[in-house]
Amino acid sequence: MKQGKTTVEHGLRAYEIGAKVHALRMRKKIGLVELGKHTGLSAALLSKIEHSHIFPPLGTLLRIGMVFGVGLDYFFTDERKRHVVAVVRRSERQKFPDTTERKHVSYWFESLDFAANERKSSSYLAEFSEGQPGKIPRHEHDGHETLYVVTGKLGMEIGSDQYELATGDSIYFDASVPHSYRRIGSVTCRAVILTVPA
(Lines give C-alpha, C1' and ligand atoms only; values in the text may rest on other atoms or scores of the structure.)
Protein backbone atom coordinates (compact mmCIF):
# COMPACT_ATOMS: atom_id res chain seq x y z
CA MET A 1 0.00 0.00 0.00
CA LYS A 2 2.82 2.37 0.91
CA GLN A 3 4.54 1.66 -2.41
CA GLY A 4 1.33 2.45 -4.29
CA LYS A 5 0.99 5.75 -2.43
CA THR A 6 4.59 6.63 -3.24
CA THR A 7 3.98 5.91 -6.92
CA VAL A 8 0.91 8.18 -6.96
CA GLU A 9 2.77 10.98 -5.18
CA HIS A 10 5.63 10.64 -7.65
CA GLY A 11 3.18 10.92 -10.54
CA LEU A 12 1.51 14.01 -9.05
CA ARG A 13 4.83 15.67 -8.30
CA ALA A 14 5.63 15.66 -12.03
CA TYR A 15 2.76 18.12 -12.62
CA GLU A 16 4.35 20.68 -10.25
CA ILE A 17 0.93 21.66 -8.90
CA GLY A 18 2.38 23.56 -5.96
CA ALA A 19 4.66 25.63 -8.19
CA LYS A 20 1.73 26.47 -10.46
CA VAL A 21 -0.41 27.62 -7.51
CA HIS A 22 2.49 29.76 -6.27
CA ALA A 23 3.03 31.27 -9.74
CA LEU A 24 -0.66 32.17 -10.03
CA ARG A 25 -0.60 33.82 -6.61
CA MET A 26 2.55 35.81 -7.42
CA ARG A 27 1.09 36.90 -10.75
CA LYS A 28 -1.96 38.32 -8.98
CA LYS A 29 0.21 39.66 -6.14
CA ILE A 30 -1.86 38.32 -3.25
CA GLY A 31 -0.66 36.74 -0.02
CA LEU A 32 -1.53 33.36 1.42
CA VAL A 33 -3.91 34.89 3.97
CA GLU A 34 -5.83 36.79 1.28
CA LEU A 35 -6.02 33.69 -0.92
CA GLY A 36 -7.32 31.84 2.13
CA LYS A 37 -10.16 34.34 2.49
CA HIS A 38 -11.16 33.81 -1.14
CA THR A 39 -11.03 30.01 -0.96
CA GLY A 40 -12.03 29.27 2.64
CA LEU A 41 -8.72 27.42 3.10
CA SER A 42 -6.13 28.19 5.77
CA ALA A 43 -2.88 29.94 4.89
CA ALA A 44 -0.99 27.01 6.45
CA LEU A 45 -2.73 24.50 4.18
CA LEU A 46 -2.12 26.66 1.10
CA SER A 47 1.56 26.92 2.03
CA LYS A 48 1.82 23.12 2.25
CA ILE A 49 0.20 22.84 -1.18
CA GLU A 50 2.59 25.37 -2.71
CA HIS A 51 5.60 23.56 -1.27
CA SER A 52 4.26 20.19 -2.49
CA HIS A 53 4.13 18.82 1.04
CA ILE A 54 0.56 17.73 0.31
CA PHE A 55 -1.44 17.27 -2.89
CA PRO A 56 -4.93 18.80 -2.72
CA PRO A 57 -8.10 16.93 -3.73
CA LEU A 58 -9.76 18.14 -6.93
CA GLY A 59 -12.45 20.10 -5.07
CA THR A 60 -9.81 22.11 -3.23
CA LEU A 61 -7.81 22.66 -6.40
CA LEU A 62 -10.96 23.82 -8.17
CA ARG A 63 -11.59 26.42 -5.44
CA ILE A 64 -8.05 27.75 -5.88
CA GLY A 65 -8.29 27.76 -9.67
CA MET A 66 -11.57 29.69 -9.64
CA VAL A 67 -9.91 32.57 -7.78
CA PHE A 68 -7.42 32.96 -10.61
CA GLY A 69 -9.79 32.20 -13.48
CA VAL A 70 -8.18 28.91 -14.46
CA GLY A 71 -9.65 25.43 -14.79
CA LEU A 72 -8.41 22.13 -13.45
CA ASP A 73 -6.73 21.49 -16.80
CA TYR A 74 -4.31 24.31 -16.00
CA PHE A 75 -2.72 22.16 -13.31
CA PHE A 76 -2.60 18.94 -15.31
CA THR A 77 -1.82 19.81 -18.92
CA ASP A 78 1.19 21.01 -20.82
CA GLU A 79 0.97 24.74 -21.57
CA ARG A 80 1.52 23.97 -25.24
CA LYS A 81 -1.67 21.87 -25.30
CA ARG A 82 -4.13 24.38 -23.84
CA HIS A 83 -7.69 24.27 -25.22
CA VAL A 84 -9.42 27.37 -26.58
CA VAL A 85 -12.85 25.74 -26.26
CA ALA A 86 -14.16 24.21 -23.05
CA VAL A 87 -17.56 22.58 -22.57
CA VAL A 88 -18.89 22.23 -19.02
CA ARG A 89 -21.70 19.71 -18.63
CA ARG A 90 -24.37 20.39 -16.04
CA SER A 91 -23.51 17.14 -14.28
CA GLU A 92 -19.87 18.24 -13.94
CA ARG A 93 -20.58 21.46 -12.06
CA GLN A 94 -20.16 21.67 -8.31
CA LYS A 95 -22.08 24.01 -6.02
CA PHE A 96 -20.21 26.08 -3.42
CA PRO A 97 -21.41 28.49 -0.71
CA ASP A 98 -20.23 32.10 -0.82
CA THR A 99 -18.41 31.53 2.48
CA THR A 100 -17.46 28.83 4.95
CA GLU A 101 -16.87 31.29 7.80
CA ARG A 102 -20.45 31.93 8.93
CA LYS A 103 -23.72 30.02 9.30
CA HIS A 104 -25.84 32.12 6.94
CA VAL A 105 -25.03 31.59 3.27
CA SER A 106 -25.90 34.61 1.09
CA TYR A 107 -25.73 32.63 -2.13
CA TRP A 108 -24.55 29.38 -3.72
CA PHE A 109 -22.61 29.44 -6.96
CA GLU A 110 -21.54 27.08 -9.73
CA SER A 111 -18.70 27.89 -12.11
CA LEU A 112 -19.84 27.75 -15.73
CA ASP A 113 -16.37 27.85 -17.26
CA PHE A 114 -13.98 26.16 -14.84
CA ALA A 115 -12.71 23.83 -17.57
CA ALA A 116 -11.31 26.73 -19.61
CA ASN A 117 -7.61 27.49 -19.28
CA GLU A 118 -6.38 30.96 -18.32
CA ARG A 119 -9.74 32.51 -19.16
CA LYS A 120 -10.05 36.29 -19.35
CA SER A 121 -13.39 36.30 -17.53
CA SER A 122 -15.30 34.04 -15.15
CA SER A 123 -18.98 33.16 -15.26
CA TYR A 124 -21.21 31.64 -12.57
CA LEU A 125 -24.74 30.47 -11.98
CA ALA A 126 -25.79 31.76 -8.57
CA GLU A 127 -28.79 30.97 -6.35
CA PHE A 128 -29.55 33.55 -3.67
CA SER A 129 -30.85 33.33 -0.12
CA GLU A 130 -33.42 35.68 1.36
CA GLY A 131 -32.11 38.40 3.65
CA GLN A 132 -32.63 41.88 5.02
CA PRO A 133 -30.89 44.89 3.39
CA GLY A 134 -27.82 46.00 5.32
CA LYS A 135 -27.58 42.72 7.25
CA ILE A 136 -25.91 40.60 4.57
CA PRO A 137 -22.10 40.81 4.57
CA ARG A 138 -20.75 42.74 1.62
CA HIS A 139 -17.67 41.90 -0.41
CA GLU A 140 -15.59 43.43 -3.16
CA HIS A 141 -13.05 42.28 -5.72
CA ASP A 142 -11.05 43.67 -8.61
CA GLY A 143 -12.68 44.22 -11.99
CA HIS A 144 -16.24 44.58 -13.18
CA GLU A 145 -19.32 42.43 -12.95
CA THR A 146 -22.39 41.90 -15.10
CA LEU A 147 -25.38 40.10 -13.57
CA TYR A 148 -28.45 38.81 -15.41
CA VAL A 149 -31.46 37.59 -13.41
CA VAL A 150 -32.76 34.31 -14.83
CA THR A 151 -35.58 33.70 -12.34
CA GLY A 152 -37.03 35.47 -9.31
CA LYS A 153 -36.35 38.89 -7.87
CA LEU A 154 -32.98 40.10 -6.58
CA GLY A 155 -32.04 42.94 -4.27
CA MET A 156 -28.56 44.41 -4.48
CA GLU A 157 -26.65 46.85 -2.34
CA ILE A 158 -23.76 48.53 -4.16
CA GLY A 159 -21.97 51.12 -2.09
CA SER A 160 -24.73 53.16 -0.44
CA ASP A 161 -27.29 52.47 -3.21
CA GLN A 162 -30.08 49.87 -3.29
CA TYR A 163 -31.33 48.14 -6.44
CA GLU A 164 -34.13 45.69 -7.21
CA LEU A 165 -33.90 43.46 -10.26
CA ALA A 166 -36.68 41.28 -11.69
CA THR A 167 -36.49 38.31 -14.06
CA GLY A 168 -34.83 39.42 -17.29
CA ASP A 169 -33.14 42.48 -15.74
CA SER A 170 -29.38 42.95 -15.77
CA ILE A 171 -26.86 45.19 -14.08
CA TYR A 172 -23.23 46.14 -14.68
CA PHE A 173 -21.05 47.63 -11.95
CA ASP A 174 -17.55 48.20 -10.63
CA ALA A 175 -16.94 45.16 -8.41
CA SER A 176 -14.32 46.98 -6.34
CA VAL A 177 -17.23 48.82 -4.68
CA PRO A 178 -18.55 46.79 -1.69
CA HIS A 179 -21.70 44.95 -2.73
CA SER A 180 -24.12 42.25 -1.60
CA TYR A 181 -27.02 40.20 -3.01
CA ARG A 182 -30.28 39.02 -1.45
CA ARG A 183 -33.35 37.23 -2.74
CA ILE A 184 -36.58 39.21 -2.51
CA GLY A 185 -39.64 37.10 -1.71
CA SER A 186 -39.98 33.33 -1.54
CA VAL A 187 -39.56 32.54 -5.25
CA THR A 188 -36.23 30.92 -6.13
CA CYS A 189 -33.85 33.54 -7.47
CA ARG A 190 -31.05 32.58 -9.85
CA ALA A 191 -28.74 34.74 -11.92
CA VAL A 192 -25.82 34.38 -14.29
CA ILE A 193 -22.82 36.45 -13.19
CA LEU A 194 -19.90 37.41 -15.44
CA THR A 195 -16.80 38.87 -13.82
CA VAL A 196 -13.95 40.47 -15.74
CA PRO A 197 -10.73 41.32 -13.87
CA ALA A 198 -9.34 44.82 -14.03
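Located above this text is the structure these notes cover.
A quick note: this is a predicted structure, and the numbers were derived from the prediction, not measured.

Turning to the overall build of the protein, a few remarks are in order. The helix and strand inventory of the protein stands at six helices and nine strands. Expected size for 198 residues packed as a compact globule is a radius of gyration near 16 Å; at 18 Å, the protein falls within 12% of this value. Dimensions of the protein, computed from the C-alpha atoms along their principal axes, are close to 55 × 35 × 35 Å. When contacts within the protein are restricted to residue pairs at least 6 apart in sequence, those whose partners lie at least 24 apart make up 63%. With 28 positive and 23 negative side-chain charges, the protein shows a spacing of 6 Å between the two charge centroids.

Next up on the list: the nonpolar core. Soluble globular proteins tend to pack their nonpolar side chains together in the buried interior. Core analysis: the largest hydrophobic core is formed by 40 residues, its most contacted members being Phe-75, Phe-128, Leu-147, Leu-154, Met-156 and Tyr-181. Ranked by residue count, the leading element in this core is helix α5 (residues 58-68), at six residues.

For Lys-29, which is not glycine, the phi dihedral falls at a positive 60°. Summarising the element assignment, Lys-29 is placed in the loop between α2 (17-28) and α3 (32-39). Not every positive phi belongs to a glycine, and Ser-52 is a case in point at roughly 60°. Note that Ser-52 resides in the loop between α4 (43-50) and α5.

A few words on the sheet that holds strand β5 (residues 154-158). What the three strands build is an open sheet, ordered β6-β5-β8; its pairing is antiparallel. Strands at the two margins of the open sheet, each flanked by one partner only, are β6 (161-165) and β8 (179-183). Strand-to-strand twist across the sheet, computed as the mean angle between neighbouring axes with direction ignored, equals 20°. Relative to β6, β5 runs antiparallel, the two being bridged by five bridges. Bridge pairing links Leu-154 to Leu-165 in β6.

Time to look at the pairing of β5. Burial analysis of β5 places five of its five residues in the buried class, the great majority of the element. Where burial is concerned, the two faces of β5 agree: the one with Leu-154, Met-156 and Ile-158 and the one with Gly-155 and Glu-157 are both buried. The hairpin formed by β5 and β6 contains two residues between the paired strands, and Gly-159 there has a positive phi angle of roughly 65°.

Parameters at a glance
- Residues numbered from 1 in each chain as written.
- Predicted model: local features only at pLDDT ≥ 70, side-chain atom pairs only at ≥ 80, totals over all residues.
- Heavy atoms only, no water.
- Helix = DSSP H or I, 4+ residues; strand = E, 2+ residues; numbered from the N terminus.
- Rg over C-alpha atoms; globule rule 2.2 N^0.38 Å.
- Contact = heavy atoms within 4.5 Å.
- Lys, Arg positive; Asp, Glu negative; His and termini not counted.
- Charge placed at Lys NZ, Arg CZ, Asp CG, Glu CD.
- Core = buried A, V, L, I, M, F, W, Y, C linked by side-chain atoms within 4.5 Å.
- Buried < 20%, exposed > 50% of the residue type's maximum accessible area, 1.4 Å probe, protein only.
- Pairing = 2+ DSSP bridges.
- Axes fitted to C-alpha atoms, helices over the stretch in contact; angles between N-to-C directions.

Read these as geometric descriptors, not functional statements.
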